[in-house]
Structures are given as C-alpha cells and as structure tokens.
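# Fold and contact review
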Amino acid sequence: MAHLLDGLPVEVLGRMRSDRVMRRPTPTLKEYALAYPQGGRPPKHGKEFRFAKSDTWGESDAATTQVTDRYGIAHAMAWDRIHPRLIIRSAWIDHTGELPIMEGTLIRLQVDRLPGGGGPLPLWLWSSATGLNGEDIDVRWQAFLRRFDIEHLFRLMKQTLGWTRPKLRTPEAGECWTWLIIAAHTQIRLLRGAAADLRRPWEKPAEPGRLTPARVRRGFRNLRPHHLPDPCTETLNARTRQATWLEEPAVRHPL
C-alpha cells in the first residue's frame, strides 16, 4: 500500500508483529568500503533489525516518555529509515523489475499497564514517513490507539443503532438517515449520567456515569416520566393502519 500511495499526501501507519525482521538503511559505497576493505558486491539492504532481539536494535533516533491516564507511563522509541525486505510472493508476484525499497520509521511503544488489567506487551508500529522527531512519534502512536475508539463507534452505529439496517434507495435518504443516527448517538452521550445500568448477567457492573453507549440505550426508554402518555401508543390509537402500496417499481441504478 505504501508503494501504491507513494507521491500522494497520504501516510501509512500500521501495526507489526513482534517477531518480524526488517532491514536497516542500505549503506553508501563509502560506508561499505570502510566496513569491507577487501571489496565485493555492495549489498542492497542493511543489517537485520530483529524485533525479538534487542542487541540488533542499536541506538534509537528518537525517544519520548509520556504520562497517560489509561496506560501509565508510555515509553516510545523510533528508528528512522527501516524497511522490509520484499520478496516475489503474494502481492508482489506480478511485479516486473526490481523490487522497491520502502523506507519508513519504526516505532516501539511500551506502557506500564493496560485498562483490562492484562500484562502489557510492546507495540510495534511502522510509518511510511521518514525524518520524524519526538513530537511526531507521539502523534503517531496516539493516533493509532485512538483508532480503537473510532472502530467501536462505527460498530455501535451499525449493530446497535441500525445505521446499515434500512434499505435506502436514494443518496439523499442515506444522508438523512446518517444524520438521524448521529443525533441519536448525541442523545445517548448526553443522557449517560441519568440512565440506569441494565446489564446482562455476564457483564461487569459499571461505575456511575461511566456506562457504555449500548448500556445507555437499554435504559433509554425508562428515562421518560411514567405519568406522561406514550406518544407511540397515542399515535397508533388515533389513526387506522392502512396498507400502502407503491404504484411504481423502485428505480434500478446500474453498478
């Protein structure tokens, strides 16, 4: 992906496995001549960088320390111009010519604790950007941790609030329905402190005012005063339900 997006104002940031092996920058001819005075063919890649062996890391190009509420003290280390050694397999099986060298910044994040109470393991990230300083490194790993909140938000909108449930026929209807889902999510967030914890038998009790949006939605109907009439019931009793039929078939849009 980083190769396809090269030249565009886009940066790729992803998580790496803890057993990966990457390569350092390719040495220049002068550096290679000093390291190997007997000569030989210059290498295409630098020395190995093994995630599981700290003796291959060397000195980091940037290091930061941040104090967080959820993870305690977060230590971040970064190495510049680290690249993977590509082989003609899977995504590169149809590539013609010499395989490219995609350099980036390798980030290692270590925290004191996890919100769930488990043992924290180091987190390895790779960014397609190079020449990052300490402030840029903190922005990258904080943005990556933020993606978990974004993914849970989309999951809530799809599974709990029914964002993708209706079969809408026009883009205008889809946009209107999206704004309705956003308004419903806003109401759930505003009533977080007033809802009761209607938890399932296997769920842990939540602290007051710390309910998840899904739990707030369970008790949303109980927030209305009981002495007021139910508008849904009055509406159904006031009108007679009649079957409606579409006179014309729905418009088909070719894909």
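Up top is the structure these notes are about.
These figures come from a predicted structure and were not determined experimentally. Numbering of residues starts from 1 in every chain and runs along the sequence as written. Where local features are concerned, this predicted model is filtered to residues with pLDDT of at least 70; where side-chain atom pairs are given and counted, the filter is 80 or more; whole-chain, interface and lining totals use all residues. Excluded from the side-chain calculations are hydrogens and water; all other atoms, namely the structure's heavy atoms, are used.

### Thoughts on the pattern of salt bridges
- Throughout this description, the term salt bridge denotes a Lys or Arg side-chain nitrogen within 4 Å of a carboxyl oxygen of Asp or Glu. In this structure the tally under the stated criterion is 11 salt bridges.
- In this structure, E48 and R50 form a salt bridge, with 3.0 Å as the shortest nitrogen-oxygen distance.
- Here R147 and E151 are joined by a salt bridge, their closest N and O atoms 2.7 Å apart. With R147 and E151 both in helix α2 (residues 134-160), this residue pair falls 4 residues apart, about one helical turn.
- Under the scheme applied here, a residue whose accessible area is under 20% of the maximum for its type counts as buried, over 50% as exposed, and between as partly exposed, the area being computed with a 1.4 Å probe on protein chains only. Owing to a relative accessible area of 42%, E151 belongs among the partly exposed residues under this scheme. Elements are defined by DSSP. Helices are runs of H or I of four residues or more, strands are runs of E of two residues or more, and each kind is numbered from the N terminus.

### Considerations on the packing of aromatic side chains
- Two rings belonging to Phe, Tyr or Trp (six-membered ring only in the last case) form a pair when the distance between their centres is within 6.5 Å. Interplanar angles under 30 degrees mark stacking, angles over 60 mark edge-to-face geometry, and anything in between is tilted. All told, the structure shown has 10 aromatic pairs when counted by the stated rule.
- Seen in terms of ring centroids, F49 and F51 are 6.0 Å apart; in terms of plane orientation they differ by 80°. Their pairing is edge-to-face. Take F49 and F51: they sit in the same class, and that class is buried.
- Aromatic pair F49 and W57: ring centres 6.5 Å apart, planes at 10°, arrangement stacked. No difference in accessibility class separates F49 from W57, as the two residues are buried.
- The side chain of R147 reaches across the aromatic face of F148, ending 5.1 Å from its centre. As a reminder, the over-ring test applies to NZ of lysine and CZ of arginine, requiring each to be within 6 Å of the ring centre and within 35 degrees of the ring normal.

### Looking at empty space enclosed by the protein
- Put plainly, a pocket is an open set of points on a 1 Å grid over the protein atoms alone with protein on both sides within 12 Å along at least five of seven lines, a cavity is a set where a 1.4 Å probe fits but cannot get out, and a lining residue has an atom within 4 Å of a point. Grid points are joined across faces, edges and corners, and a volume is the space filled by probe spheres set on the points. Evaluation of the coordinates by the stated rule reveals 1 cavity of 30 Å³ or more.
- Taken together, D61, A62, A78, W79, D80, T105, L132 and I137 make up the full set of residues lining the largest cavity.
- Counting residues per element, the lining of the largest cavity draws most heavily on strand β5 (residues 72-82), which supplies 3 residues.
- Here the lining of the largest cavity is composed, by residue class, of 5 nonpolar, 1 polar and 2 charged. Amino acid classes used here: Ala, Val, Leu, Ile, Met, Phe, Trp, Tyr, Cys and Pro are nonpolar; Asp, Glu, Lys and Arg are charged; the rest, including Gly, are polar.

### Describing helix α3 (residues 171-190)
- A rise of 1.5 Å per residue sets the reference length of α3, with its 20 residues, at 28 Å; its end C-alpha atoms lie 29 Å apart and thus fit the reference within 8%.
- We call two residues contacting when some pair of their heavy atoms lies within 4.5 Å. Buried residues along α3 sit against α2 and α4 (213-218). One less than the residue count of a helix, multiplied by 1.5 Å, gives the span that helix is expected to have.

### A word on the side chain of D138
- Among the secondary structure elements, D138 is positioned in helix α2.
- Although D138 is buried, it forms no salt bridge, and the closest oppositely charged side chain is R140 at an N-O distance of 10 Å.
- Beyond its immediate stretch of four places on either side in the chain, D138 contacts T64, Q66 and A76. For the purpose of charge, His is not counted, nor are the chain termini; Lys and Arg are scored as positive and Asp and Glu as negative.

### A closer look at the layout of surface pockets
- Computed from the structure, the largest pocket encloses a volume of approximately 1,900 Å³.
- Elements represented by at least two residues in the lining of the largest pocket include exactly β6 (104-111), α2, α3 and α4.
- With 13 residues, the top contributor of residues to the lining of the largest pocket is α2.
- The class makeup of the residues in the lining of the largest pocket is 21 nonpolar, 8 polar and 14 charged.
- The wall of the second largest pocket is formed by 19 residues, among which R20, P84, L86, W92 and M102 lie closest to the centre.
- Of all elements in the fold, only β1 (13-16) and β2 (21-23) reach the threshold of two or more residues within the lining of the second largest pocket.
- If one sorts the elements of the lining of the second largest pocket by residue count, β1 sits on top with 4 residues.

### Digging into unusual backbone geometry
- Even without being a glycine, R81 presents a positive backbone phi close to 60°.
- If you trace the backbone, R81 turns up in strand β5.
- Classification of R81 as partly exposed rests on a relative accessible area of 37%.

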